[in-house]
Amino acid sequence: MGDLLAGLSCPGPRVEALGEGATLLRGFAEPDVAALMESLHHVLVTAPFRHMVTPGGYRMSVAMTNCGRAGWVTDRGGYRYDPIDPMTRQPWPSMPATFLRLGARAAAAGGFDGFEPDACLINRYEPGARLSLHQDRNERDFGAPIVSVSLGLPAVFLFGGARRSDRPRRLRLESGDVAVWGGPARLAFHGVEPLDDGDDPLTGRCRINLTLRKAL
């Protein structure tokens, strides 16, 4: 329970160190959530959410879409970045300026100046949806950080080490929280526990996660 309750008593944006190269910025995106959701709605007009299939044939419980120069996709052929949306056969929508600005500011606050994301994976978690422990390793260059923005319902984020067997920390993420990891933490295993049901005024019965990366 210690990890779940860590840092929740003080109001306002604040920095919580998760380890070397990894930072949790509590409430960092809170002033921007309305603008982020408006930008997301524009993205979804062109690239709606869908449930992708893993190379092993399993349907993912998390619904996904992308924006930027390339999008992360999974199917029977494997995991990869593709400039074309396989569902619409069109390029992914451009990265909204709101996403770009927040990504750069959050990365700088986490110790990574000059971050210029070219891809954003957008996940929608409905009650019961989860993401098992994994590494973000389909990018061409691991020199840039990962910036992960939480919107809507709270979730329990699992943040581990370089090995899947490392015991992860359990961190309760609220709407507006931003996690940044890079450098020695860039390939840390991470995931999300099954989402509890609820109703958020921003997103309804779901959680939205924006994961900004330098993919190409």
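Provided above is the structure to which this section pertains.
Please read all numbers here as calculations on a predicted model, not as lab measurements. (Residues numbered from 1 in each chain as written. Predicted model: local features only at pLDDT ≥ 70, side-chain atom pairs only at ≥ 80, totals over all residues. Heavy atoms only, no water.)

Helix and strand counts for the protein chain stand at 3 helices and 13 strands. The C-alpha radius of gyration computed for the protein chain amounts to 16 Å, which stays within 12% of the reference 17 Å derived for 216 residues, consistent with globular compactness. For the C-alpha atoms alone, the extent of the protein chain along its principal axes is close to 45 × 35 × 35 Å. For the protein chain, buried positions account for 51% of its 216 residues. Within the protein chain, contacts between residues separated by at least 24 positions form 72% of all contacts whose residues are at least 6 apart in sequence. Carbon and sulfur atoms make up 53% of the accessible area of the protein chain, which amounts to about 10000 Å² in all. Counting 25 positive and 24 negative side-chain charges, the protein chain places the centres of these two groups 5 Å from one another. (Helix = DSSP H or I, 4+ residues; strand = E, 2+ residues; numbered from the N terminus. Rg over C-alpha atoms; globule rule 2.2 N^0.38 Å. Buried < 20%, exposed > 50% of the residue type's maximum accessible area, 1.4 Å probe, protein only. Contact = heavy atoms within 4.5 Å. Areas by Shrake-Rupley, 256 points an atom, 1.4 Å probe, with all protein chains shown as cover. Lys, Arg positive; Asp, Glu negative; His and termini not counted. Charge placed at Lys NZ, Arg CZ, Asp CG, Glu CD.)

Let us now look at the environment of Asp-141. You can see Asp-141 is positioned in the loop between β7 (131-134) and β8 (146-152). Sequence separation of Asp-141 and Thr-65 is 76 residues, and the distance between their C-alpha atoms is 22 Å. Engagement of the side chain of Asp-141 in a polar contact is seen with the backbone nitrogen of Gly-143, the distance being 2.8 Å. (Polar contact = N/O pair within 3.5 Å; in protein donor to acceptor, adjacent residues only side chain to side chain.)

Moving on, we get to the sheet that holds strand β1 (residues 14-19). Strand pairs in the sheet, formed through backbone hydrogen bonds, run parallel or antiparallel to each other. Spatially, 7 strands are ordered β1-β2-β11-β8-β13-β6-β3 in an open sheet, and the strand pairing comes out antiparallel. With one partner strand each, in any of the chains shown, β1 and β3 (63-68) form the two edges of the open sheet. Between one strand and the next, the sheet's axes are offset by a mean angle of 20°, whatever the strand orientation. Along the sheet, helix α2 (residues 33-46) makes contact with β3, β6 (119-125), β8 and β13 (207-213), crossing β8 at roughly 95°. (Pairing = 2+ DSSP bridges. Axes fitted to C-alpha atoms, helices over the stretch in contact; angles between N-to-C directions.)

For the rest of this paragraph, the subject is the side chain of Gln-135. Structurally, the position occupied by Gln-135 is in the loop between β7 and β8. Here Arg-137 takes part through its side chain, which lies 3.0 Å from a polar atom of the side chain of Gln-135. Among the polar contacts listed, one links the side chain of Gln-135 to the backbone oxygen of Leu-187, at a separation of 2.8 Å. If near-sequence neighbours (up to four positions away) are discounted, Gln-135 is found in contact with Ala-162, Leu-187, Ala-188, Phe-189 and His-190.

Looking now at α2. Each full turn of the α-helix corresponds to 3.6 residues, which orients residues three or four apart in the same direction. For α2, which comprises 14 residues, the first-to-last C-alpha distance of 21 Å matches the rise-based estimate of 20 Å (1.5 Å per residue) to within 8%. Every buried residue of α2 is listed here: Val-33, Leu-36, Met-37, Ser-39, Leu-40 and Val-43. Down the axis, α2 shows its buried residues gathered within 165° of arc, on one side only. Turned more than 90 degrees from where α2 packs its buried face, Ala-34, Glu-38, His-42 and Val-45 sit exposed. Buried positions along α2 lie against β3, α3 (97-109), β6, β8 and β13. (Expected span 1.5 Å × (residues − 1). Arc of directions from axis to C-beta.)

This part covers the sheet that holds strand β9 (residues 155-159). The strand order across the open sheet built from 4 strands is β7-β12-β9-β10, with neighbouring strands paired in antiparallel fashion. If you trace the sheet from one side to the other, it starts and ends with β7 and β10 (169-173), each paired once. In this sheet, adjacent strand axes meet at a mean angle of 20° when their direction is disregarded. Across 3 bridges, β9 lies against strand β12 (residues 190-192) in antiparallel orientation. Bridge pairing links Phe-159 to His-190 in β12.

To continue, consider the nonpolar core. The biggest cluster of nonpolar side chains holds 32 residues, and the ones touching the most others in it are Met-64, Tyr-125, Phe-157, Phe-159 and Trp-181. Mapped onto this core, the elements with two or more residues apiece are β2 (22-26), β4 (71-75), β6, β9, β10 and β11 (178-181). When near neighbours in sequence (up to four residues on either side) are disregarded, Trp-181 contacts Gly-21, Ala-22, Phe-112, Asp-136, Pro-145, Ile-146, Ser-148, Phe-157, Phe-159, Arg-186 and His-190. Grouped together as the second largest cluster of nonpolar side chains are 30 residues, Ala-29, Val-33, Phe-49 and Phe-112 included. (Core = buried A, V, L, I, M, F, W, Y, C linked by side-chain atoms within 4.5 Å.)

Just distances and angles here, no functional claims.
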